[in-house]
Structure formats: structure tokens, C-alpha cells
Amino acid sequence: MSILSVIQAYNLCNEDITVILELEEQDLKGIVPREWISLVNEKSPEKRINIAISLWERVVGNELSLVINSLKTNLRDINLLKVGNKYYLLYVIQSPVGEEKYYIGGNPYNVHLDECGLASTVKPFYTNLHDGFYDYCFKAMGLIESNKIENLKELVDHNSHNDNLQDYLGYFSNGMGDYLAIDNNSNDAYLYFKDGESAKNVGFWDVVDEWLNMAING
């Protein structure tokens, strides 16, 4: 099955999807990062991967070392997609057990900044690397796209026994009702478990690194 066929199969919004194979530099200048234009014009998957890995290392090399190492090992290709009127990078990942996974990274030039803004902890990732990064097929197990970031109280059971959920915005979802959130005022991270004991003041990037790494290798 082709990449486009897989993407279309999970296209829940029935948007037009195009895999872009070649670009002139001026075509998307100022619309997507220049590294994306360089990447799409490389014919070799290995060279496309190297461009992307270099960008990851520059932006979150310290924060997501496990994820970056897994991408170096398991990433098989990267493609530029146009979905509706938005652009994404599609990461084709082969897990150690041979399962093919498709992660999608949003365009950092499209970051949605509402009145709450982004927590300073995540701003470099969202504005320099990707506006969200998650499993395309499941629409989860990753960092949520900025225009879909919500107050944690709205994301979970409104009758939850956990207190002060309204102070947090959910940035990471595992697709099973658990969220990693940040208080934009204090920058404190909160790990919410639907069916377990939640934890305050966790290391945000430590959790993201661990969860994303498990998802890529699972």
C-alpha cells in the first residue's frame, strides 16, 4: 500500500492530501521552514532523514535524546504533505518488530497562539520544529497541534477528583485518556492519569521523551 493510500485511509476530515515531491525555493518561501524545502528536493531518503535529524538535534537535542536516537535507528523516510491548506512532514517509522508507523509533524509557521499563548517550556519545539508531533493514524501518542490544545478540565472527566485542572493546558495525549499538561503561569507540568494516581511537578520533557520513545519502538 502506498503512503498516500495509508494517509487517505485515516483522513477523517476528508481533506485533499498531496505528497509534494519537488519544490522551487520560492514556492513556499516564508510559508514553511527553509529546511523543509531543502528536504523535499533531496531524492535520497537518507539525506532527507539527515536534514530532519539535524533540525531535531538543534532544537531539542537535550530534551528528546531518546526520541532522536530512535528516529536515527527507525526512521525510513520523510515526506512533505499538503493537507487541505496546511503543510506537514510525514515521518515513516519502522518499529523494531517491523510495524510501520506514520508520525506527522505540523508546520511551526502555523502555530496557533490564542490569548493563553504557549508555555515557555514548549515554545521552542512548537515554533522552531513542529506544531505538534503525533501518530497520524491514531491522532494521539504525541504532542497536540496548537489549535487543538485545550484546558485540561475540558479534556477529562468534569467530575474528576483531581483539583485545579483548569490551571493546566494539555499538550500531550496518549490516546487512552491520559494527558501531560502544563500550567502556563508557573510552567509546572502535571501528569494526569485517567485510571491511576496523577502527579504534579513532573519533568515535562522527561515524560515526553519516554512516552514518544516507547511509541516509536512499540
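One can find the structure itself at the top, above this paragraph.
Now for a quick tour of the structure. (Residues numbered from 1 in each chain as written. Predicted model: local features only at pLDDT ≥ 70, side-chain atom pairs only at ≥ 80, totals over all residues. Heavy atoms only, no water.)

Now for the packing of aromatic side chains. All chains considered together, the criterion is met by 13 aromatic pairs. For the pair Tyr171 and Phe204, a centre-to-centre distance of 6.4 Å together with 85 degrees between the ring planes defines the contact as edge-to-face. Taken as a pair, Tyr171 in strand E7 (residues 168-173) and Phe204 in helix H7 (residues 204-217) lie far apart in primary sequence, 33 residues in all. You can call Tyr171 buried: its relative accessible area is 0%. Put simply, the rings of Trp56, Tyr91, Tyr103, Phe125, Tyr126, Phe133, Tyr171, Phe204 and Trp205 touch in pairs and so form one group of aromatic residues. (Phe/Tyr/Trp six-rings, centres within 6.5 Å; stacked < 30°, edge-to-face > 60°. Helix = DSSP H or I, 4+ residues; strand = E, 2+ residues; numbered from the N terminus. Buried < 20%, exposed > 50% of the residue type's maximum accessible area, 1.4 Å probe, protein only.)

A word on the pattern of salt bridges. This structure, assessed with the given rule, holds four salt bridges. Glu57 is the salt-bridge partner of Lys72, the closest N and O atoms lying 2.8 Å from each other. With Lys72 in helix H4 (residues 65-74) and Glu57 in helix H3 (residues 45-60), this residue pair connects regions lying 15 residues apart in the sequence. One salt bridge in this structure joins Glu145 and Lys86, with 2.9 Å as the shortest N-O distance. Residue Glu145 is found in the loop between strand E6 (140-143) and helix H6 (152-155), and its partner Lys86 is found in strand E3 (residues 86-94); the two are separated by 59 residues along the sequence. Judged by relative accessible area, Glu145 falls into the buried class, the value being 3%. (Salt bridge = Lys/Arg side-chain N within 4 Å of Asp/Glu carboxyl O.)

Let's shift gears to the nonpolar core. Among the nonpolar cores identified, the biggest contains 62 residues, and Trp56, Tyr91, Phe125, Tyr171 and Phe204 are the most heavily contacted of them. Ranked by the residues each element gives to this core, the list is headed by H7, at eight residues. The next biggest cluster of nonpolar side chains, apart from the first, holds eleven residues, and it includes Leu81, Tyr88, Tyr136 and Cys137. (Core = buried A, V, L, I, M, F, W, Y, C linked by side-chain atoms within 4.5 Å.)

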